[in-house]
Amino acid sequence: MDTTLDTDRLWEDRDVRFDIPLSQMKMRPGERLIDHLDSIEDTKGNNGERGRLMVTNLRIIWHSTTLPRINLSVGFSTVINISTRGVESKLRGNTEALYILTRCNNTRFEFIFTNLVPDTPRLFTSVLAVQRAYETSKLYRDLKLRGALIANKTLRLLPLEEVYDKISGVWNLSSDQGNLGTFYITNVRLVWHAEINESFNVSIPYIQMRAVKIRDSKFGTALVIESLRNVSHSSGSYECEYITR
């Protein structure tokens, strides 16, 4: 887990954290509270402890009602699987609970949440619906390499995405000889694809950009884009250079 306190870096959907300070439980800019349930037990880690569970568009937050410093934050990007299973709850006895399997920095974590209010599927439906929406909107947030981005030499637009500019004759200098291609600038991301192989491409959302700068290369003045490090996996950051001729 990454415990570095960085208020600017987006970590909420990409990390699993325990007993975080109140400042990290607050909604960051762009984060929205979707649902909250006031009688949820963290059956795996705090069996017998009544708490509150909040579902945002980025993560699941649970905290103890009596001791809010006992809490956890589970980013949706770390989720591997969501299911239900029978458990033994100290507060409800034998019952069905929400089971969440996650992975963060090559470590797996299991979470089991039990709704202490009987005969309501709200815990399951809320978490599953938001997770599904998160999974289907990853191109808005995540850097994508060699994806199905281009169809008939045209960028496949996301809902509400608009192309601001299309620039032909842009060289990607990620290899020694460079690759000639086309550059798209939209309101969501930058996309480049090779002319001779459209599947050789990259999509970089602005939210993933750590730095954008100009520097000299052996081919001339180049635009350099450096991505943020992916804190959920071990892939590190991504850097690419582009020039036009």
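As the structure is a prediction and not an experimental result, all values here were calculated from the model. (Residues numbered from 1 in each chain as written. Predicted model: local features only at pLDDT ≥ 70, side-chain atom pairs only at ≥ 80, totals over all residues. Heavy atoms only, no water.)

(A) Summary view of the pairing of strand β5 (residues 71-75). Across the five residues of β5, five count as buried, placing the element largely inside the fold. Burial of the side chains of β5 extends over both faces: Asn71, Ser73 and Gly75 are buried on one face and Leu72 and Val74 on the other. Judged from the five bridges that link them, strand β4 (residues 59-64) and β5 form a sheet pairing that is antiparallel. Across the sheet, His63 pairs through a bridge with Asn71, a residue of β5. As consecutive antiparallel partners, β4 and β5 are separated by six residues. (Buried < 20%, exposed > 50% of the residue type's maximum accessible area, 1.4 Å probe, protein only. Helix = DSSP H or I, 4+ residues; strand = E, 2+ residues; numbered from the N terminus. Pairing = 2+ DSSP bridges.)

(B) View of the pattern of salt bridges. Taken as a whole and judged by the stated rule, the model has 14 salt bridges. Close ionic contact of Asp13 with Arg141 constitutes a salt bridge, the shortest N to O distance being 4.0 Å. Of this pair, Asp13 sits in the segment before β1 (16-18) while Arg141 sits in the loop between α2 (122-135) and β9 (144-145); the two residues are 128 residues apart in sequence, bridging distant segments of the chain. Note on Asp13: relative accessible area 0%, which makes it buried. Given a relative accessible area of 11%, Arg141 falls into the buried group. (Salt bridge = Lys/Arg side-chain N within 4 Å of Asp/Glu carboxyl O.)

(C) Looking closely at unusual backbone geometry. If you check the backbone angles, Asp119 has positive phi at about 60° while not being a glycine. Here Asp119 lies in the loop between β8 (107-115) and α2.

(D) Examining the sheet that holds strand β6 (residues 79-89) more closely. Judged by pairing direction, the sheet is antiparallel, and its eight strands sit side by side in the order β1-β5-β4-β3-β2-β8-β7-β6 without closing on themselves. This sheet does not close on itself; its edge strands, each paired only once, are β1 and β6. With direction set aside, neighbouring strand axes in the sheet form an average angle of 30°. Here β1 pairs with β5 via three bridges, running antiparallel. Looking at β5, one finds that Phe18 is bridged to Leu72. (Axes fitted to C-alpha atoms, helices over the stretch in contact; angles between N-to-C directions.)

(E) Expanded view of the pairing of strand β3 (residues 50-56). Burial analysis of β3 places five of its seven residues in the buried class, the great majority of the element. One ladder, built from six bridges, connects strand β2 (residues 33-42) with β3; its direction is antiparallel. In the strand pairing of β3, Leu33 is matched with Thr56. In this sheet, β4 lies alongside β3 in antiparallel orientation, the contact comprising five bridges.

(F) Just the packing of aromatic side chains, in detail. One pass over the full model with this rule turns up five aromatic pairs. Pairing Phe18 with Phe109 gives two aromatic rings, centres 5.6 Å apart and planes at 55°, and the pair type is tilted. Of this pair, Phe18 sits in strand β1 while Phe109 sits in strand β8; the two residues are 91 residues apart in sequence, bridging distant segments of the chain. You can call Phe18 partly exposed: its relative accessible area is 37%. Phe109 sits in the buried class, given a relative accessible area of 16%. Judged by centre distance (6.4 Å) and plane angle (0°), the rings of Phe111 and Phe113 are stacked. We note that Phe111, like Phe113, is buried. A connected cluster of aromatic rings, assembled from ring pairs, spans Phe18, Phe109, Phe111 and Phe113. For the cation-ring pair, Arg141 lies above Tyr134, with the distance from its terminal atom to the ring centre recorded as 3.7 Å. (Phe/Tyr/Trp six-rings, centres within 6.5 Å; stacked < 30°, edge-to-face > 60°. Lys NZ or Arg CZ within 6 Å of the ring centre and 35° of its normal.)

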